[in-house]
Amino acid sequence: MAATSVKIPEFETTAVDVIPAIASNVRGTFRTNKTKNVQWRLTQLRKLYWAIEDYRPQLMAALKKDLNKSEYEAVLTEVDWVKSDCMFMIKNLETFVKDEKLAAPTVPAHFSLMKFRVRKEPLGAALIIGPYNYPVQLTLSPLVGAIAAGCTAVLKPSELTPNCAMVMKEMVQKRLDPNAYAVVNGGIPEVTALLEEKWDKIFFTGSAQVGTVIAKKAAETLTPVCLELGGRNPAFITKNANLKVAAKRLLWGKTLNAGQVCLSQNYILVDIDLVPNFIEHLKDAYKEYFPNGAKASPDLGRIVNARHFHRLKKMLDETKGKIVMGGEMDESELFIEPTAVLLNSTNDSMMTEESFGPIFSIYPVHSLDQALNIANSVHRTPLALYSFGSKKENERVLNEMTSGGATLNDSYFHGSVNTVPFGGVGDSGTGVAHGKAAFDTFSHTRTIAEIPNWADGILRARYMPYDFKNLRMIRALAPKPNFDRNGKVIKGLGYWISLVLGLGAKGAKGALLRWLLVLAGGYFYQQRRQS
Ligand SMILES: NC(=O)c1ccc[n+]([C@@H]2O[C@H](COP(=O)([O-])OP(=O)(O)OC[C@H]3O[C@@H](n4cnc5c(N)ncnc54)[C@H](O)[C@@H]3O)[C@@H](O)[C@H]2O)c1
Ligand SMILES: CC1=C(/C=C/C(C)=C/C=C/C(C)=C/C=C/C=C(C)/C=C/C=C(C)/C=C/C=C(\C)C=O)C(C)(C)CCC1
């Protein structure tokens, strides 16, 4: 269906004075306990799946209007992404919700007859606040996690993508249980009103600046938060990289959604001798992606609005570097060409600010040491990093710099698979999303111990009047250290006995297998000698 033939209602903010009632309603519904029923959750997830499928034309049209997102990307990274999230949860939920029995070594051997288990419980009523770049995916994927966990939720989509916000509002209200799930539309005043309410979990995706506002407000009521924030993500290219592959893959990272991807690289640290070659490969990849130029491509999205267009333009205007690829802009279309800037200083707008658009920089380095020093000083805890080098160099990058996630020899593959854990570290975020992690994020891990009546015999030691004989017995059960005060392992008699008995194996099964092999070897040796 053509995007223009789909009718989407005008954006309307939710009246601030009805927000307390909306919040109170979903809190009340949680207290009825109906969302704890796993079949009820599965029904909601199935309804959400079909809602997304049935609202596909509206969602696609809204993504086109809001971000000029191509049909291809709208399907791959938004609509089908969330449907696939639903399917994953529907298939696995009954496994995820099962109580987990606790045994040794978590439960000490002397308590092995007590029943310990971990039960996954819904946290309660959740508030989910979404950003503009993946308005459907990043609002509805957390909802899948919330429903699966048994939470009720209020969604607050980004007001910068008003068409998506309106479609999601209608879709959720019409298709899901309206007492359990609601959508509030608006911006700062509406979020402010929502934050005045008591939530059991706040799931926020957006900038670190707004994330700080959310975390501060949540702290007042000790509300747990999951913050999915941004970062100035580095890429490393060493002499051992395949330059053609690196250029092609990194340029892809800045073309998907016109580079408005939290994970995309901000800057690339390239071995100085490779820079001219790398730029040539970037240009080749550009020609491959956009044979008629980027502006004419039906695949490349646009910048979300004039404010973000000017933010990106300012970064380019202020740089002291040289544009080596791209550089064209057209405000009337909110078009910015994928652009690479060669820097001569790390103190440059193109390095110190998060691009969150199709522009990125290249900085020549003399060594991996220098590259790691720079990256750690630009942003110590980015959301992602990318390393294109030998196995050893890639391992070194992982060891000497942290990040929320990382991909070796590619752009954000670790964030392109919707079932693997995804999240930031430090100021790029806290908490994990995607796949089972989304279920865990909205769940409380509740440990339950069940103690039989007969156990009082064993538990005698805890009751008054205390008897030191019992304390000595309890202390005798405590494991003894096999290390000295300097942290060195003591290779005493016990160590040698277990080494000999285990034939060097750590586990009992391995030891048994090795002994069997030794015995079998001995037997066959003996047989051959006799024959
Ligand atoms: N880690 C991730 O998964 C992820 C994903 C997408 C985007 N991001 C980050 O998000 C940022 C871009 O998205 P954005 O511009 O939509 O983010 P944003 O922080 O401006 O807005 C996110 C949400 O917060 C609300 N908001 C904005 N200002 C507010 C305020 N002062 N008080 C309360 N609420 C407020 C908005 O209405 C919106 O719903 C980038 O920094 C990007 O890296 C991170
Ligand atoms: C098609 C045929 C086959 C199979 C082909 C295969 C397996 C193709 C694989 C394609 C890949 C790897 C696609 C990659 C997609 C990338 C995506 C979806 C990226 C998503 C990024 C997102 C959502 C970013 C999110 C950003 C966030 C969270 C922050 O802002 C064969 C080979 C099986 C048979 C022939 C036909």
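Keep in mind it's a predicted model, so treat the numbers as computed, not measured. (Residues numbered from 1 in each chain as written. Chains lettered and ligands numbered in written order. Predicted model: local features only at pLDDT ≥ 70, side-chain atom pairs only at ≥ 80, totals over all residues. Heavy atoms only, no water.)

Further remarks concern the site of ligand 2. In the vicinity of ligand 2 lie 14 residues, with Trp81, Asn133, Gln137, Cys262 and Ser416 positioned nearest. The contact in question runs from an oxygen atom of ligand 2 to an N or O atom on the side chain of Asn133, over 2.7 Å. Backbone polar atom of Cys262 to an oxygen atom of ligand 2: 2.7 Å apart, as the coordinates give it. Secondary-structure elements contributing two or more residues to the shell around ligand 2 are helix 4 (71–96) and helix 5 (137–149). Broken down by element, the shell around ligand 2 gets its largest block of residues, three residues, from helix 4. Counted by class, the shell around ligand 2 contains ten nonpolar, four polar and no charged residues. (Near = heavy atom within 4 Å. Polar contact = N/O pair within 3.5 Å; in protein donor to acceptor, adjacent residues only side chain to side chain. Helix = DSSP H or I, 4+ residues; strand = E, 2+ residues; numbered from the N terminus. Nonpolar A, V, L, I, M, F, W, Y, C, P; charged D, E, K, R; others polar.)

Taken as a whole, this structure holds one cavity of 30 Å³ or more when the rule is applied. Reported here for the largest cavity is a volume of approximately 30 Å³. Around the largest cavity, the lining residues are Gly231, Asn233, Lys254, Val261, Cys262, Ser264, Asn266, Glu354, Ser355 and Phe356. (1 Å grid on protein atoms, 1.4 Å probe; cavity = no way out; pocket = protein on both sides within 12 Å on 5 of 7 lines; lining within 4 Å. Points joined across faces, edges and corners; volume = space filled by probe spheres on them.)

Take the UniProt feature "active site" (unreviewed entry) in the protein chain next. Mapped onto this numbering, the UniProt entry annotates "active site" (unreviewed entry) at Glu228 and Cys262. Despite a sequence span of 35 residues, these residues sit close together in the fold, their greatest C-alpha distance being 9.2 Å. Within the annotated group, the residues that form the lining of the largest cavity are Cys262. Not counting chain neighbours up to four residues away, the residues in contact with Glu228 comprise Phe203, Phe204, Thr205, Gly206, Phe422, Gly423, Gly424, Ser428, Gly431, Val432 and Ala433. Relative to the helices and strands, Cys262 is located in the loop between helix 9 (243–253) and strand 9 (265–271). The exposure class of Cys262 is buried, given its relative accessible area of 18%. Non-local contacts of Cys262, meaning those with residues more than four positions away in its chain, are made with Asn133, Leu229, Asn233, Phe356, Leu383 and Phe422. (UniProt positions renumbered as here; feature names shortened; annotations may be inferred. Contact = heavy atoms within 4.5 Å. Buried < 20%, exposed > 50% of the residue type's maximum accessible area, 1.4 Å probe, protein only.)

Once that is clear, we can look at the sheet that holds strand 18 (residues 443–450). The three strands are arranged 1-2-18 in an open sheet whose pairing can be described as antiparallel. Across the chains shown, the open sheet's two edge strands, defined by having one partner strand only, are strand 1 (100–102) and strand 18. The sheet shows a mean angle of 30° between the axes of neighbouring strands, direction not considered. As paired elements, strand 1 and strand 2 (residues 115–122) share three bridges and run antiparallel to each other. Counted as the bridge partner of Leu102 is Phe116 from strand 2. (Pairing = 2+ DSSP bridges. Axes fitted to C-alpha atoms, helices over the stretch in contact; angles between N-to-C directions.)

Attention shifts here to the packing of helix 9 against helix 10 (residues 275–289). Running from N to C, helix 9 and helix 10 point in directions that differ by 55°, and their axes come no closer than 8 Å. With respect to helix 10, the element helix 9 is oriented oblique. For the crossing formed where helix 9 meets helix 10, the hand is right-handed. On helix 10, the residues touching Leu243, Lys244, Ala246, Ala247, Lys248, Arg249, Leu250, Leu251 and Trp252 of helix 9 are Asn277, Phe278, His281, Leu282, Ala285, Tyr286, Glu288 and Tyr289. Residue composition of the contact of helix 9 with helix 10, by class: eleven nonpolar, two polar and four charged. (Parallel < 35°, antiparallel > 145°, perpendicular 65-115°, else oblique. Left-handed = near helix turned anticlockwise from the far one by under 90°.)

Attention now moves to helix 8 (residues 208–220). Look at helix 8: 19 Å from first C-alpha to last across 13 residues, which is about the 18 Å you get at 1.5 Å a residue. The set of residues buried in helix 8 consists of Gly211, Ile214 and Ala218. Burial along helix 8 is one-sided: seen end-on, the buried residues are contained in an arc of 65°. Set apart from the buried face of helix 8 by more than 90 degrees, the exposed residues are Gln209, Val213, Lys216 and Glu220. (Expected span 1.5 Å × (residues − 1). Arc of directions from axis to C-beta.)

Right, let's talk about the packing of helix 4 against helix 5 for a bit. One way to put it is that helix 4 packs onto helix 5 with a least axis distance of 9 Å and a crossing angle of 10°. The angle between the axes of helix 4 and helix 5 places the two elements in the roughly parallel class. Contact residues: helix 4 offers Thr77, Glu78, Trp81, Val82, Asp85, Cys86, Met89 and Leu93, while helix 5 offers Gln137, Leu140, Ser141, Val144, Gly145 and Ala148. The class makeup of the residues in the contact of helix 4 with helix 5 is eight nonpolar, four polar and two charged.

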